[in-house]
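Residue-level listing of the chains:
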Amino acid sequence: MANITQSSSPVLTSARKQAAAAHRRQLLGDNLLFLFMLVLTVIWLLPFFSALLTSVRTQDEISLNGFWRIPDTITFENFTEAWDRGHVSRYLGNSFLITLPSLAATLFLSSLAAFALARYRFRGSTLLYFMFVAGTMLPFQILLLPVFRLSNSLGIYNTHWSLIIIHTAFQMAFCTFVLRNFMRTVPTDILDAARVDGCSEFRIYWQIMLPISLPSLAALATLEFTWIFNDYLWAIILIQNDSLKPVTAGLATLQGQFTTNWPVITAGSLIAIVPTVIVFAFLQRYFIQGLTLGSGK
């Protein structure tokens, strides 16, 4: 018995050494990965730090010392000036008037289309689905002139309705594509049981499919709110009056021809990102789940 213990102890010692070495290598790899991700995070946040530093300085100090020097005095008057004199409060209201109806219409219409494409088989369904997929690949910049002429002929140019309709139309393709892939993973037995109980097709969609698809809808709501709220190109194409512009296009009007008050513009930009940050903070759990929507059951 003693011989067996003595012969096995070198083996156990060697195994322990190998396990300790593997643990040290894993710990070193984790530390290096953490350091690498930390450096990337700092690089990613540099523009935000620069904007925050600029927003608490005066234009005279920036003209004399440049953007990156630590300010001698910190002032928050730029935020007040951007809110009142820069009309950021009005521009934010316009952004919500455009974003919220566009978001609601996009999610409702795309969920209806996705439900039909995912749960029904009819002639041309595959072709219709690929049309939605193709819509996600179409560069909308090539449609600037046709959309401008269309909005002008419909009499909605220079109104909020032009942006609401355009955002709804252009975002439906992506939302339908994502929701269709998610709705296909819902077991058919649930829908068949509802039909046996006498549910209409719209009631199945409204009371069964939508609650099941809530995580995907919340993830899409996060993305779509950010995209529509931060849109700049369509705003300057379809809106002319300053009183109707959203915050992205409204901030551009603060830039003068010969001189620009960068601290006020930067302060207004930081105010403008607050709604999207709040939305992402409340829906981030669904947003992370939405990164793998439709990848498996």
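Structure first, text after, so check above.
Residues numbered from 1 in each chain as written. Predicted model: local features only at pLDDT ≥ 70, side-chain atom pairs only at ≥ 80, totals over all residues. Heavy atoms only, no water.

## Things to note about the pattern of salt bridges
Inference 1: One pass over the full model with this rule turns up four salt bridges.
Inference 2: Between Asp 192 and Arg 195 there is a salt bridge, and its shortest N-O distance comes to 3.2 Å. Taken together, the positions of Asp 192 and Arg 195, both in helix 8 (residues 188–196) and three residues apart, correspond to about one turn of that helix.
Inference 3: When its relative accessible area of 35% is taken as the criterion, Asp 192 is described as partly exposed.
Inference 4: In this structure Arg 195 comes out as partly exposed when scored by relative accessible area, which is 31%.
Inference 5: We note a salt bridge from Asp 242 to Lys 245, for which the minimum N-O separation is 3.2 Å.
Inference 6: Since its relative accessible area comes to 12%, Lys 245 is described here as buried.
Inference 7: Taken together, the shared-partner salt bridges connect Asp 192, Arg 195 and Glu 201 into one network. (Salt bridge = Lys/Arg side-chain N within 4 Å of Asp/Glu carboxyl O. Helix = DSSP H or I, 4+ residues; strand = E, 2+ residues; numbered from the N terminus. Buried < 20%, exposed > 50% of the residue type's maximum accessible area, 1.4 Å probe, protein only.)

## Things to note about unusual backbone geometry
Inference 1: The backbone phi angle of His 87 is positive, close to 60°, even though this residue is not glycine.
Inference 2: Along the polypeptide, His 87 turns up in the loop between helix 3 (77–84) and helix 4 (88–119).

## Things to note about helix 5 (residues 125–136)
Inference 1: Over its 12 residues, helix 5 extends 17 Å from the first C-alpha to the last, a length consistent with the 16 Å expected when each residue adds 1.5 Å.
Inference 2: The complete set of buried residues in helix 5 reads Ser 125, Tyr 129, Phe 132 and Val 133. Seen end-on, helix 5 carries its buried residues on one side only, within an arc spanning 100°. Exposed residues pointing more than 90 degrees away from the buried face of helix 5 are listed as Leu 127 and Met 131.
Inference 3: Among the structural elements, helix 4 and helix 7 (160–183) are those in contact with the buried residues of helix 5. (Expected span 1.5 Å × (residues − 1). Arc of directions from axis to C-beta. Contact = heavy atoms within 4.5 Å.)

## What to know about the packing of aromatic side chains
Inference 1: Tallied over the entire structure, the rule returns 15 aromatic pairs.
Inference 2: For the pair Tyr 129 and Phe 177, a centre-to-centre distance of 6.3 Å together with 20° between the ring planes defines the contact as stacked. Of this pair, Tyr 129 sits in helix 5 while Phe 177 is found in helix 7, placing the two residues 48 residues apart along the sequence.
Inference 3: Among the residues examined, Tyr 129 registers a relative accessible area of 12% and is labelled buried.
Inference 4: In this structure an aromatic cluster arises from ring pairing among Phe 115, Tyr 120, Phe 202, Tyr 205 and Trp 206. (Phe/Tyr/Trp six-rings, centres within 6.5 Å; stacked < 30°, edge-to-face > 60°.)

## Considering the side chain of Thr 99
Inference 1: By secondary structure assignment, the location of Thr 99 is in helix 4.
Inference 2: Residue Thr 99 is classed as buried on the basis of its relative accessible area, which comes to 1%.
Inference 3: Non-local contacts of Thr 99, meaning those with residues more than four positions away in its chain, are made with Phe 225, Ile 228 and Phe 229.

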